[in-house]
Amino acid sequence: MTPARASVARPRPSIPATENPKVVRLGSLPLGDVEGLRRDVIDRCKEGARLVALFVPPRATELVAVVARDDCADIAIQRAALAGPSYPALSSELPAAQAFEREILEVHGVRPEGHPWLKPLRRHDAHPFFQVDGPGIHEVAVGPVHAGIIEPGHFRFQCAGEKVLHLEIQLGYQHRGVERLMLSSSPARRIAIAEAIAGDTTIGHAIAHAAAVEALGAGELPLHAQAVRAVALELERLANHVGDLGALCNDVGYLPGASWLGRLRGEMLNALLVLSGNRFGRGLIRVGGVRFDLDSGQKRELAARLAEVERDLDAIVELVLDTPSVASRFEGTGVVSREIAEALGLVGPVARASGCDRDVRRDHPAGLYRFAQVPVAVTESGDVMARALVRALEIKRSLEFVHDQLREQPEGPARSRQLALEPTPARPDRLVVSLVEGWRGEIAHVAMTDADGAIAAYQIVDPSLHNWLGLAMALRDGEISDFPLCNKSFNLSYAGHDL
Amino acid sequence: MFDTILHVALLLLFPPLVVGVVQKTKAVFAGREGAPVLQPYFDLAKLMRKGAVYSRTTTWLFRAGPIVALAAALGAGLFVPLASSRAPIGFEGDVIAVAYLLGLGRFFTMAAALDTGSSFEGMGASREAAFAALAEPALFLAFAIVCVPAGSASFADAWRALPWRMWLEAHPELFAAALVLFAVLLAENSRMPVDDPNTHLELTMIHEVMVLDHSGPDLAFVLWASAVKLFVFAGLLVHLVLPIPAGWRGAGLFLIGLSVVALVVGIVESMMARLRLTRVPQFLVGASVLGAMGLLVALMERAG
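In this numbering scheme, every chain counts its residues from 1 along its sequence in written order. All chains are assigned letters beginning at A, and all ligands numbers beginning at 1, according to the order in which they are written. Selection of residues for local features in this predicted model requires a pLDDT of at least 70, selection of side-chain atom pairs for listing and counting requires 80 or more, and totals for whole chains, interfaces and linings are taken over all residues.

A word on the overall build of chain B
Helix numbering and strand numbering both begin at the N terminus, where a helix is a DSSP run of H or I of at least 4 residues and a strand a DSSP run of E of at least 2. Helix and strand counts for chain B stand at twelve helices and zero strands. Compactness check: chain B gives a C-alpha radius of gyration of 19 Å against a globular reference of 19 Å for 304 residues, within 12% of the reference. Expressed along its principal axes, the backbone C-alpha trace of chain B runs to roughly 60 × 40 × 40 Å. Around each residue's C-beta, the other C-beta atoms within 10 Å are counted; 20 or more make the residue buried, 12 or fewer make it exposed, and counts in between make it partly exposed. All C-beta atoms are placed from the backbone. Among the 304 residues that make up chain B, the fraction classed as buried is 52%. Each radius of gyration reported is based on C-alpha atoms, and the globular scaling rule is 2.2 Å times the count of residues to the power 0.38.

Comments concerning the sheet that holds strand 17 (residues 455-461) of chain A
All names here are of chain A. Read from one edge of the open sheet, four strands run 2-15-16-17, paired in antiparallel fashion. Looking at the sheet topology across the chains shown, the edges are occupied by strand 2 (22-25) and strand 17. Across the sheet, the mean angle separating the axes of adjacent strands is 15° when strand polarity is ignored. Relative to the sheet, helix 5 (residues 202-216) contacts strand 2, strand 15 (430-438) and strand 16 (441-449), its axis offset from that of strand 15 by approximately 150°. Residues are scored as being in contact if the C-beta atoms we place from backbone atoms lie within 7 Å. Each axis is a line fitted through C-alpha atoms, taken for helices only over the stretch in contact, and angles between the N-to-C directions span 0 to 180 degrees. Sitting on the sheet, helix 14 (residues 463-475) is in contact with strand 15, strand 16 and strand 17, with an inclination near 135° to strand 16. Only strands that DSSP links by at least two bridges are regarded as paired with each other.

Some points on the pairing of strand 16 of chain A
Every regular strand shows the same layout, with side chains that alternate between the two sheet faces. Residues and elements named next belong to chain A. Here strand 16 lies mainly inside the structure; nine of its nine residues are buried. Direction of pairing for strand 15 relative to strand 16: antiparallel, over a ladder of eight bridges. Opposite Gly438, over in strand 16, you have Gly441 as the bridge partner. Bridge count between strand 16 and strand 17: six bridges; the pairing is antiparallel. The partner of His445 across the bridge, within strand 17, is Ile460. A loop of five residues connects strand 16 with strand 17, the two strands running antiparallel in sequence, and Gly453 in this loop sits at a positive phi of about 85°.

A few points about helix 2 (residues 15-29) of chain B
Between the first and last residue of a helix there are one fewer steps than residues, each counted as 1.5 Å, and that sum is the expected span. Taking 1.5 Å per residue as the helical rise, helix 2 of chain B with its 15 residues ought to reach 21 Å, and the 22 Å between its terminal C-alpha atoms agrees with that figure. Counting buried residues in helix 2 of chain B gives eleven out of 15 residues, a clear majority hidden from the surface. Taken as a whole, helix 2 of chain B has its buried residues at Pro15, Pro16, Val18, Val19, Gly20, Val21, Val22, Gln23, Lys24, Thr25 and Lys26 of chain B. Considering only its buried residues, helix 2 of chain B is in contact with helix 7 (255-276) of chain A together with helix 3 (39-49), helix 10 (216-241) and helix 11 (247-271) of chain B. Residue Gly31 of chain B follows helix 2 of chain B closely and has a positive phi angle near 80°.

With respect to the sheet that holds strand 6 (residues 74-81) of chain A
Residues and elements named next belong to chain A. Ordered in space as 3-6-5-4, the four strands form an open sheet in which the pairing is mixed. In this open sheet, the two strands that pair with only one neighbour each are strand 3 (31-33) and strand 4 (50-55). Neighbour-to-neighbour, the strand axes of this sheet turn through a mean angle of 35°, independent of strand direction. As paired strands, strand 4 and strand 5 (residues 62-69) are joined by five bridges and run antiparallel to one another. By the bridge assignment, Ala53 is partnered in strand 5 with Val66.

Considering the interface of chain B and chain A
Tallying the contact residues gives 23 residues for chain B and 25 residues for chain A. Contributing elements (two or more residues each) for the side of chain B that touches chain A: helix 2 and helix 6 (119-147) of chain B.

A few points about the confidence of the model for chain A
Residue and element names in this part refer to chain A. The predicted model of chain A has a mean per-residue pLDDT of 87, with 94% of residues at 70 or higher. Across residues 1-8 the pLDDT falls below 50, and counting only partners more than four positions away or on other chains, this stretch makes 19 contacts in the model. Confidence drops under pLDDT 50 across residues 12-17; counting only partners more than four residues distant or on other chains, this segment forms nine contacts. pLDDT measures how confident the predictor is about each residue, on a scale from 0 to 100.

Considerations on the packing of helix 2 of chain B against helix 11 of chain B
All names here are of chain B. Remark: helix 2 packs on helix 11, axes separated minimally by 8 Å, with the N-to-C direction vectors making an angle of 40°. It follows from the interaxial angle that helix 2 and helix 11 lie oblique. Of the two elements, helix 2 crosses helix 11, and the hand of that crossing is right-handed. Across the interface between the two elements, Val18, Val21, Val22, Thr25, Lys26 and Phe29 of helix 2 pack against Leu258, Ser259, Ala262, Leu263, Val265, Gly266, Ile267, Glu269 and Ser270 of helix 11. Every angle not falling under 35 degrees, over 145, or within 65 to 115 is termed oblique; those three ranges are roughly parallel, roughly antiparallel and roughly perpendicular. Crossing handedness is defined as follows: a turn of the near helix away from the far one that is anticlockwise and smaller than a right angle gives a left-handed crossing, while the clockwise case is right-handed.

Observations regarding the packing of helix 6 (residues 223-251) of chain A against helix 7 of chain A
Residues and elements named next belong to chain A. One way to put it is that helix 6 packs onto helix 7 with a least axis distance of 8 Å and a crossing angle of 165°. Judged on the interaxial angle alone, helix 7 and helix 6 are roughly antiparallel. Regarding helix 6 and helix 7, the two cross each other, and that crossing is left-handed. Together, Val231, Ala232, Leu235, Glu236, Leu238, Ala239, Val242, Gly243, Leu245, Gly246, Cys249 and Asn250 of helix 6 and Gly257, Ala258, Leu261, Gly262, Leu264, Arg265, Met268, Leu269, Ala271, Leu272, Leu275 and Ser276 of helix 7 make up the contact between the two elements.

Following this line, the structure appears as structure tokens:
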């Protein structure tokens, strides 16, 4: 039985794009007015582009927008001068901008006028929750301290009986000031900070940061190092997707799936351990290369481990998705329609489960992905089953990709076990956008350098920032008892959101 | 006298073991070694030694909940057949007394949950009330099937009139009664697929969420009461399927039967995912329908 239709999406464009990371001279980006930027961004997004980042750099004199067009590998950057303490909000017409504008209000005190639900993204103590009034309406408050080992976040449900009318998600308990730390730290420390943005996306954020800095310095990485990075990124995806499928089983009380997939997640982390000496890949990615090369012994060991895991994995994933009691829990639960996914600018497996055909690895390929393609998994139904199915397909394809790479990895110069390149100094007055498809979706790092080549602004967008509102929408008119399952099917990062 | 002592000893000593066997079975199916079978006893001993925490918003109802629940469950245990088909207390209509003793325990558990004023616990109480109302007809229909041959609403009479060889003849109503009893056992004791006793997710819980605020000896009473409840239901099922003689041999056979029921519960829990909360009523109504058909068959046999 196939629970939902899945397809391989359109093939990659024939010419590999090199727009990612994209570096532009600040001088080539004229400072327009905010109204023009607003109109232009909204129009582009209506025509199929999506908002990657919207931020105000530290001196609070300008507004910067990054918009990506996925079907033609285009990344557009716009700047506008901010005149005064407020500007007309983009969110009133572009819901995808809502979290960015709440952050702008919080960090810089610049008011986006006309924002439909304007409260600071993280420091929200003085702001009331959205409330529904009426007979029989009751409120359920969950968190920020939860049962089980998860991060802190507050969920406020407005319910009529078991039905959820509205869910407001309030985060910020994990705020560490990462973006400010990036500005005040030494280059060597920045990569360690990037690795700690979200503990489960160590590799993804580290690659995004390293690629941004390398592009600022105009350095080209040896192909071999790019291959190791891609293998590490896919192993991270594998570990997390396998763990997520297991957690989904656990939430519906399906024991065989939970325990088997939990064990296999450990095997995937161990594969990362073989590669980097750390189960989460800490210390592997460095600006200019990778710390550890793959020698032929390690290659053989990795391949053998993965082949073993693959056998078990195929059997258990098939068992889980074909068990009627599991399917009946997954199907039709927490549906996010394609319209909502597009409007909110969702990314990653969550977006692909709602039929949005987007994947940075194909649409804006960087590093090894310019030469080696991972097929994109897209399903249509937008429910928990779709999100499980997309993960199951991505597991399969990532495994194939890693196997291919281990077999055909380009033999680079023998620079085993050392940092590859001496980092070249960053060019002055540049802006760089670096995109990476982490396991949760698109990770964006945007950096600006000043006239001396020092980093003057650093903006991080974790996929969770886009997707949290998607979870709230998935719950609308659903059952409150389905919340934990929906939450797990999104599995968003609290730390990545709070920074 | 000996039978009564044996009955009370079984009732006091063995309920946590049933829970232990279920948990061990689930652990083995999940590929884990699992906690020892005696773990529920260790848990109870640990909780009894601890102090309890009471919220300032609670009243005597909150403290009464666990005590009444345990007393009601143990009381119900005195009416049902365990080591032999004769229970220490029996009278015409004790079948109904058992159902409502369990109901009394549930009422107080729910009242204690509402007493905390927590939205979680109120949610759990509302779910428990809704599902209990649906489980009750199924339970009574199963009891009715068993009581038809004797024509008496007393467990002692019913089991005397229910010779074991009826299973060897064509009596489909007995299968129906056993299935319905098993379904009600799963629902009433917050087992899968109705409730997940292991989950940590408050929003999905039914029974467990009602007792989140109990601690120490109160929590021990709650756990003990639910173990006794499971024991009573499993005992009824064993008696329906196996001929249990009086005395030591009967007690041994009964315990074996009990372990098999616990094993089956564990296997069911390991093999399937939990039902969506909105599907639980269908599950319970389905059990009632099966019970009604069984009762029809039983009445027709009695008439013709």
